[in-house]
Amino acid sequence: MRSQLRCVACFVRPTHEERAMPDLRTLETFRAFVDTGSVSRAAQRVCRTQPQVGRTLTALEDEVGFQLFDRSSRPFGLTRPGREYYLQALQVLSAAQALERHALRARHSAGPHVHVFTTPFIAGSIVIDALAPLEQELGLTVSIDSRAHVDMESWVANEVFDVGVVGFPIAHPAFEI
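The structure contained in this document is the topic of the report that follows. (Residues numbered from 1 in each chain as written. Predicted model: local features only at pLDDT ≥ 70, side-chain atom pairs only at ≥ 80, totals over all residues. Heavy atoms only, no water.)

## Quick look at the pattern of salt bridges
Link 1 in the chain: Within this structure, the stated rule accounts for 3 salt bridges.
Link 2 in the chain: The partner of Asp35 in a salt bridge is Arg45, with the nearest N and O atoms 3.3 Å apart. With Asp35 in helix H2 (residues 24-36) and Arg45 in helix H3 (residues 39-46), this pair connects stretches of sequence that are 10 residues apart.
Link 3 in the chain: Judged by its relative accessible area of 25%, Asp35 falls in the partly exposed class. (Salt bridge = Lys/Arg side-chain N within 4 Å of Asp/Glu carboxyl O. Helix = DSSP H or I, 4+ residues; strand = E, 2+ residues; numbered from the N terminus. Buried < 20%, exposed > 50% of the residue type's maximum accessible area, 1.4 Å probe, protein only.)

Dropping the structure here:
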């Protein structure tokens with residue numbers, strides 16, 4: 001009888017308190033919107049359409065059960081609980097990226113690993129070709145993260161990387177040139 005009760009419980013819609021954490025793609029979309037301040041730029045950053053990003057953000061608010069965005073001004077800002085949620089989402093995303101890097105290093109434990117960040121254009125035109133010989137000659141494993149140039153500040157604040165390859169000009173106190 002007990003196992004039948006568990007199966008029946010699966011069909012009951014969970015309350016806000018019982019819901020699971022949003023998936024990483026949803027959190028990435030949330031971060032992209034907050035970082036860029038625009039649905040269109042967030043859509044470009046996460047390689048989705050504007051309607052998909054809008055639906056994802058609306059569904060996230062429904063899922064968490066409170067208002068994330070202050071819609072009384074343009075561009076939208078975060079509510080106080082939305083800001084706190086955003087900071088926690090950054091920690092979750094950072095931890096997920098660290099876990100992914102750990103798994104990559106474990107798969108290729110014979111040699112060192114280098115984590116590179118750059119813009120999509122530079123990754124495709126320079127970085128991949130430049131790193132290929134190093135991977136072969138030195139036995140390196142390499143992971144490349146690429147995001148829009150306008151996101152550099154959030155990269156520095158929230159990401160862990162070994163090498164950054166960017167175009168000039170760039171001026172930010174976190175960068176040492």
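## Focus on the packing of H2 against helix H4 (residues 50-64)
Link 1 in the chain: One way to put it is that H2 packs onto H4 with a least axis distance of 10 Å and a crossing angle of 105 degrees. Considering their axes alone, H2 and H4 lie roughly perpendicular with respect to each other. Facing Thr26, Thr29, Phe30 and Phe33 of H2, the residues of H4 in contact are Val53, Thr56, Leu57 and Leu60.
Link 2 in the chain: Its residues assigned to classes, the contact of H2 with H4 comprises 5 nonpolar, 3 polar and no charged. (Axes fitted to C-alpha atoms, helices over the stretch in contact; angles between N-to-C directions. Parallel < 35°, antiparallel > 145°, perpendicular 65-115°, else oblique. Contact = heavy atoms within 4.5 Å. Nonpolar A, V, L, I, M, F, W, Y, C, P; charged D, E, K, R; others polar.)

## Digging into the packing of H3 against H4
Link 1 in the chain: Their axes nearest at 8 Å, the elements H3 and H4 cross at an angle of 100 degrees. Between H3 and H4, the crossing angle belongs to the class labelled roughly perpendicular. Counted together, Val39, Ser40, Ala42, Ala43 and Val46 of H3 and Gln50, Val53 and Gly54 of H4 form the full contact between these two elements.

## Some points on the nonpolar core
Link 1 in the chain: Ranked by internal contacts, the top residues of the largest apolar core, which has 18 residues, are Phe30, Val53, Leu57, Leu60, Leu68, Phe69 and Tyr85.
Link 2 in the chain: The set of elements that each furnish at least two residues to this core consists of H2, H3, H4 and helix H5 (80-107).
Link 3 in the chain: Of all the elements, H5 adds the most residues to this core, at 5 residues.
Link 4 in the chain: Here Val53 is in contact with Thr29, Val39, Ala42, Ala43, Val46 and Arg48, once residues within four sequence places are set aside. (Core = buried A, V, L, I, M, F, W, Y, C linked by side-chain atoms within 4.5 Å.)

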